[in-house]
Amino acid sequence: MSTLIDAPPAVRLTGITKRYPGVVANSDINLSVRRATVHALVGENGAGKSTLMKTLFGLHQPDEGTIEIDGQARTFASPADAIAAGIGMVHQHFMLADNLTVWENVVLGAEPTSSGRLDGARARRDIEAIAQRYGLGVDPRALVEELGVGARQRVEIIKVLYRGARILILDEPTAVLVPQEVDELFGNLADLKAEGLTIIFISHKLDEVRAIADEITVIRRGTTVGTADPRQVTNRQLAEMMVGSALPVPELRESTVTDREVLRLRGVRVAGVGRDVLSDIDLSIRAGEVVGIAGVEGNGQAELVDAIMGLEPVADGAVELAGRDVTRLSTLRRREAGVGFIPEDRHRQGLLLEATLWENRCLGFQTRRPAARGMFLDRAAARADTRRIVEQFDVRTPGIDVLAAALSGGNQQKLIVGREMSGDPALLIASHPTRGVDVGAQAAIWDQLRNARAAGLAVLLISADLEELIGMSDTLRVILRGRIGPPLDPRTVTPESLGVAMTGGHEAGGPDLPDTAGTDRPEQPGQAGVVGSADRVAESDLGTAGGSLSARKVTE
Amino acid sequence: MKALSGRRVLLGAAGPVGALIFSAIVSAIILVLTRHNPFEAFGAMGQAFSRPRVLVGTVNQVSSYYLAAVAVAIGFKMNLLNIGVDGQYRLAAMLSAALAGASFMQGIPSVVRILMTIVAAMLIGAAWAGIAVWLKISRGVSEVISTIMLNAIATAVIAYLLSPGRLAVQQGNNLGTRPITDGGMVPTIPIPKSITPLYTLLLLALLVGVLYAFLLSRTVFGFKIKATGLNPAAAVASGISVKRMAVAGMLLSGAVAGLVGMPELLNGPSHQYSINFPSGFAFTGIAIALLGRNHPVGMAFAALLWSALDSSANALQGVGVPNQLVVIMQGTIVLSVVVAYEIVRRYRVVLEQRDVARALAQSRKEPVAA
Amino acid sequence: MLRTRSVTLIAGVAAAALALTACGGGSSSTSNSGSTTSESPTSATSTPSGTVPMSTGGGSSSSDMSGMSGMSGSSMPGGSSGGSGASSGSGQTSAEQFPKLTGDPGTVKLGMAYDGPKGDQSFTDSAARGVANATGQGVQLVAELAATVGEPDQKKVDRLSQLVDQGANTVIAVGFDYATAMGTVAEANPDVHFAIVDDASLTDPSRQGGPLKNVAGLTFAAEQSSFLVGVAAALKSTKGHVGFIGGVNVPLIQSFQAGFDAGAKAANSGIKIDDKYITQPPDFSGFNAPDKGQTIAQGMYNGGADIIYSAAGGSGTGVFKAAKAANAKAIGVDSDQYNLPTLADVKDVILTSAVKNVDVAVYAMIQSVAAGKPLTGTQVYDLKNGGVGYATSGGFVSDIQSKLDDYKAKIISGEIKVPSTLG
């Protein structure tokens, strides 16, 4: 530590201010990142993290303030300048061409040539060298479309390293990963750090941040509010720095589960290409009950939602809503029968981004009051009800005539939640209801879910956030390869045990993962997060889930 | 919010106005390069409109262009590219002209006759469009391909039917349906000092425009069209049957397309569908729908602009400038307007996001609610 | 994302549509701008010397010209007499085909309305040639305006009215599609002299409201000349297999086909005749699509035809190219296309041309106004008065000329009635 203090910091930002007309996106930002460390930048969505990173990556120029790299003042007119200075950015959404191979993706835009021709052999050699040196296991010849999410992320990192980056910016890198992949990523980051690279890690997942970071800078409303030592700070303290209030806790109080069955799936099968994507699904949700579905993405959750919503035909079995067989009913009829739907991807299925808020209010309700009266739209009533939702669900917007695209993700989601909970639904399908929303919105959405549950709503909750899933469910079911496991009691399940069950009972990490846990990573006692403890927990807590899953495997 | 909507109008106008200025500059450059005097050329274009005849001609032309644009826009609104408006209106005009000109229609009261003609045209247009949408729904054929092919088929069908002994009579070297007698025609309004009378079916275009506006903004059906166009996945998730909407939208588009030929047929001087019947309105309609952003009022202005440019072609030639300049101007306007709209659209989203951010920043000065 | 894509797609479609419209509108590279002077026609004026539209044996027809009211008897024979010799054709001067205007040419203020752009080497250019000869002699050309494809009648009304507005006292519309519009404009301007090529409906005595007194309908018995080239094709075909390519499938062009078929069958009853039209109305681009003409001709030659009659205006250039490539022959139309400088590299394949002297008709109209006796009523230009004929330039038909002239005499005498519609 003391030796590092003498060296100039890898990155030092002083007094960075960036204004957009009428709005200050960043003001007086101060950030100092020591070389060969992982520096976490945390803050709510919309706090200004991305603006700051765009400044550092040369995507725009600050109005005030200075950037120093390795002690030298720099100005970046473009990302090319930033790359030349050794800065690389790994975006949250991968920017890879699916139909190209790994090495082609890596060299894209920086192709090595020998006498004017693309030198593929050299590229593959170089990439293999990088992969080996930093422990980023990936086959350069593999097609990107065949890779999993974790591997794609490694490709993104290799891409940046290939361009000579010494300072890596990772924007929400864990948002798309399951716990085991997060583990793996953190192993890679430790390797990178050991090789002398500097990493700026942007996140709002506090457990992860505390697990990986050497230092944390908190940003709030466009300015840096302080730094924290991850070994001493608690989640609660960090959360307070971020939002000025306590971190919301996903938890249900006393059980409100009734014995009135709202949704019943009987032996539902959904056919996919070549094989069934859902088979033999039996599921029951009662009024006042939240049933959480845990599973690694792509194991049939989307199809389960589609089958219940009538978006995908059911090959076998029946869907019953409050005792009524709705298997053959259209999506519209099911919605009219009282099914609310918070889709997994709000931009794809939940919103008309280029329509106003009140028009979005009508979506899914176009045949019902208050949106419609007969064949005509009831604009006045729809608008009035939109105002109600805006108020009741704390959608922060200057009015109901702005386009949905203008709202932040959290506020868009609150609008959707408000919409789907209006009209007294009997069943709510909540697919990743708090994905990509800030802490404040998350708390609000959880509150609404709790209230509706208390009022007798039946909820199907699907989430990749295991804490949310465990905390907000009355019953948990694990979905794996299109089959659903037996009910689990969330009180006896931990994120770790659930993670193991989701991957089919394998040990966390799996055989093909580099065994970095516990060696390169500093010990962090008392940590409540996912990382570093999965192995330990897997043996003890997994009894029910793991056991039953392996039993099912035998019968398969 | 008032300021916001004022700005929206301003931004909406910025695209076409900018494109218009840009295309004028491009045209001026072309004129200079081809050794013509741009001031003389633009002057002649302007002067043309001092003649009542040209003004009336411009207004008359608007009806067909506007109807074509609405037909196209209904499809565009839901990402259905009805390239077949051309075939739909020609087939509709031909068959309904044959009906209107038929001898058994003579005894029928004028109003009924005219209504029959118009309704027949709408049904034929819808039916022809229906083939394309049927292919799309049942066979997954892209409506772009099928409507283009149907245009060619319509041409062949018309050529077959439009021959002596079938639906046509030959007059000199012209070949057309039996001329519609006066009772089957819609009266026009004579305008002083103009050899061309004012076409009263402008009112039909106006009516269609009002209905189109009402449909889009006030009805559930219009909402469904909009939702389907903006985000098909969200529409499906909201219980809107995208297939059913495609069928309804395409039939509606075809029905309006059937009306495109009506002003020319029932108000025009030739009283028949002949081999000289105007063609190409549909492609103009596409350009106008694009220019007017599928908006009922925007398209009206765009149709007027387009028609005015058309009308100035003769005057341009009068001073020795090739009339192709008009086509160049129209083409430049369309291309630059597409670019301009995209820029304006992005700028508007950014502006709104800033508005929201600003409004929130203000609200945050009050104690922050947890 | 989706929206951007669809906008791009729409834009692409629109651009393509516009491009189509522009091409259809006859935006050939030839500019229409030579309105004030006879600049562009000058190059063409040299050709009429050789065009010699009148076919052989026309000398005797001078007396037949009397049938044409108001036309000075000397206007036609100049051409017809000169046309007798194939090789001598090049020696002619324009003065012979277009005799000096009599009366006061300065009183003629001419407005021209074409149905397509100039540069088609055929129909429109022929009319322009007549205009160029007149303007060289003091006739004042007010303006030359061209139509765009698919325009409504009111555009044509505006065009003709504008010519009157600009001061024209003589307005000639080249193309039957001007008929409706000219009816309207001629009625409104009784003091202006109008003429329309290829239309007789305005001057038809049975016209509703009576024939228009200030309109001359300049019509051509193109089926007669087509008959003769049909005979020539049948006699010259070694395979007994010929072809017909029409520009646009309209009655006017069908009359060319009817005559051609009749002639070919008269000469060889067992002959095989392929026929094809380049486009169908309302797509009138078939008169100006050399590429399509070439493709269709290639197909016909490959299919066994060895002589093709191209009644397709500007598209004929493509037919000639195909003929050259196939080492076969083709027959031109409207002008004596063998002698057009722009077709010099393919003239070897031009067996003959079915000449339709639009230039002579236009010139005659101008002459009549200059002489103070404007033409009115239907003027029929046929074999009898030399208004149509076949060309002998190149000498490819000299061996069968006597046979052709026999047929010609029989048509003139009425012994052979040439059909003008397809049976």
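These lines cover the structure that appears in this document, whether it is placed above or below. (Residues numbered from 1 in each chain as written. Chains lettered and ligands numbered in written order. Predicted model: local features only at pLDDT ≥ 70, side-chain atom pairs only at ≥ 80, totals over all residues.)

## Section: the overall build of chain B
Each helix and strand counted, chain B has 14 helices and two strands in total. Considered along the principal axes of its C-alpha atoms, chain B spans approximately 85 × 55 × 35 Å. Residues classed as buried in chain B amount to 55% of the 370 residues present. (Helix = DSSP H or I, 4+ residues; strand = E, 2+ residues; numbered from the N terminus. Buried ≥ 20, exposed ≤ 12 C-beta atoms within 10 Å, placed from the backbone.)

## Things to note about the overall build of chain A
Broken down by element type, chain A carries 20 helices and 24 strands. Looking at the 556 residues of chain A, the share that counts as buried comes to 51%. Pairs at least 24 residues apart make up 72% of the contacts formed inside chain A by residues separated by at least 6 positions. (Contact = placed C-beta atoms within 7 Å.)

## Topic: the sheet that holds strand 11 (residues 215-220) of chain A
Through backbone hydrogen bonds, the strands of a sheet pair up, either in parallel or in antiparallel fashion. Residue and element names in this part refer to chain A. Across the sheet, which stays open at both edges, the six strands sit in the order 6-9-10-3-11-12 with mixed pairing between neighbours. Whereas interior strands pair on both sides, the edge strands pair on one side only; in this sheet they are strand 6 (87-90) and strand 12 (223-228). Averaged over all pairs of adjacent strands, the angle between strand axes in this sheet comes to 20°, irrespective of strand direction. Two elements, strand 9 (residues 167-171) and strand 10 (residues 198-203), share five bridges in a ladder whose sense is parallel. If you follow Asp171 over to strand 10, its bridge partner there is Ile202. Here helix 2 (residues 49-56) sits on the sheet and contacts strand 3 (38-42), strand 6, strand 9, strand 10 and strand 11; the angle it forms with strand 9, its principal contact strand, is near 150°. Set on the sheet, helix 7 (residues 179-194) makes contact with strand 3, strand 9 and strand 10; between it and strand 10 the angle comes to about 150°. (Pairing = 2+ DSSP bridges. Axes fitted to C-alpha atoms, helices over the stretch in contact; angles between N-to-C directions.)

## Here we look at the nonpolar core
Grouped together as the largest cluster of nonpolar side chains are 397 residues, with contacts concentrated most on Ala69(B) and Met182(C). Per-element accounting of this core gives the leading share, 13 residues, to helix 3 (residues 52-77) of chain B. If you count residues domain by domain, this core takes at least three from each of domain 1 (39-220 + 359-381) and domain 2 (223-356 + 393-413) of chain C. Apart from residues no more than four positions distant in its own chain, Met182(C) is found in contact with Leu160(C), Ala173(C), Phe194(C), Ile196(C), Leu202(C) and Val215(C). (Core = buried A, V, L, I, M, F, W, Y, C linked by C-beta atoms within 7 Å. Domains from an automatic or database assignment.)

## A look at the pairing of strand 18 (residues 339-342) of chain A
Residue and element names in this part refer to chain A. By the alternation rule, side chains of strand 18 split into Val339 and Phe341 and Gly340 and Ile342, which are all buried. In the sheet, strand 18 pairs with strand 21 (residues 427-431) via four bridges, with the strands oriented parallel. Residue pairing across strands places Ile342 opposite Ala430, the latter belonging to strand 21.

## Some details on the sheet that holds strand 5 (residues 215-220) of chain C
All names here are of chain C. Strand order in the open sheet formed by six strands is 2-1-3-4-5-11, and the pairing between neighbours is parallel. A single partner strand is all that each edge strand has here, and the edge strands are strand 2 (140-146) and strand 11 (377-381). This sheet shows a mean twist of 15° between the axes of neighbouring strands, independent of strand direction. Its contacts with the sheet put helix 6 (residues 123-135) on strand 1 (109-114), strand 2, strand 3 (170-174) and strand 4 (193-197), and the angle it makes with strand 1 is roughly 170°.

## Points about helix 5 (residues 120-134) of chain A
Residue and element names in this part refer to chain A. Helix length check: helix 5, at 15 residues, gives a terminal C-alpha distance of 21 Å against a target of 21 Å (1.5 Å per residue), a fit within 8%. Turning to helix 5, its buried residues number three or more, namely Ala123, Ile127 and Ala131. All buried residues of helix 5 lie within an arc of 65° about the axis, which places them on one face of the element. Opposite its buried face, helix 5 presents the exposed residues Ala121, Ala129, Gln132 and Arg133, each directed more than 90 degrees away. Elements that come into contact with the buried residues of helix 5 comprise helix 4 (102-107) and helix 6 (149-162). One or two steps after helix 5, the chain reaches Gly135, where phi turns positive at roughly 65°. (Expected span 1.5 Å × (residues − 1). Arc of directions from axis to C-beta.)

## Side note on the packing of helix 4 (residues 85-101) of chain B against helix 6 (residues 143-161) of chain B
Residue and element names in this part refer to chain B. It is at 8 Å that the axes of helix 4 and helix 6 come closest, and there the two elements cross at 20°. As the angle between them shows, helix 4 and helix 6 are arranged roughly parallel. Pair helix 4 / helix 6 crosses with left-handed handedness. When helix 4 is examined against helix 6, the residues Asp86, Gly87, Arg90, Leu91 and Met94 are found in contact with a partner set consisting of Leu150, Asn151, Ala154, Val157, Ile158 and Leu161. Of the residues assigned to the contact of helix 4 with helix 6, the class counts are seven nonpolar, two polar and two charged. (Parallel < 35°, antiparallel > 145°, perpendicular 65-115°, else oblique. Left-handed = near helix turned anticlockwise from the far one by under 90°. Nonpolar A, V, L, I, M, F, W, Y, C, P; charged D, E, K, R; others polar.)

## Looking at helix 9 (residues 222-236) of chain C
Taking 1.5 Å per residue as the helical rise, helix 9 of chain C with its 15 residues ought to reach 21 Å, and the 21 Å between its terminal C-alpha atoms agrees with that figure. Taking burial as the measure, the 15 residues of helix 9 of chain C include 13 buried ones, the bulk of the element.

## Digging into the interface of chain C and chain B
Contacts between the two partners involve 55 residues from chain C, matched on the other side by 50 residues from chain B. Broken down by secondary-structure element, the contributors of at least two residues to the side of chain C that touches chain B are helix 1 (2-24), strand 2, helix 7 (153-165), helix 8 (179-188) and helix 10 (251-267) of chain C. Broken down by element, the residue count for the side of chain C that touches chain B peaks at 13 residues, all from helix 1 of chain C. Residues of the side of chain C that touches chain B, tallied by class, amount to 26 nonpolar, 21 polar and eight charged.

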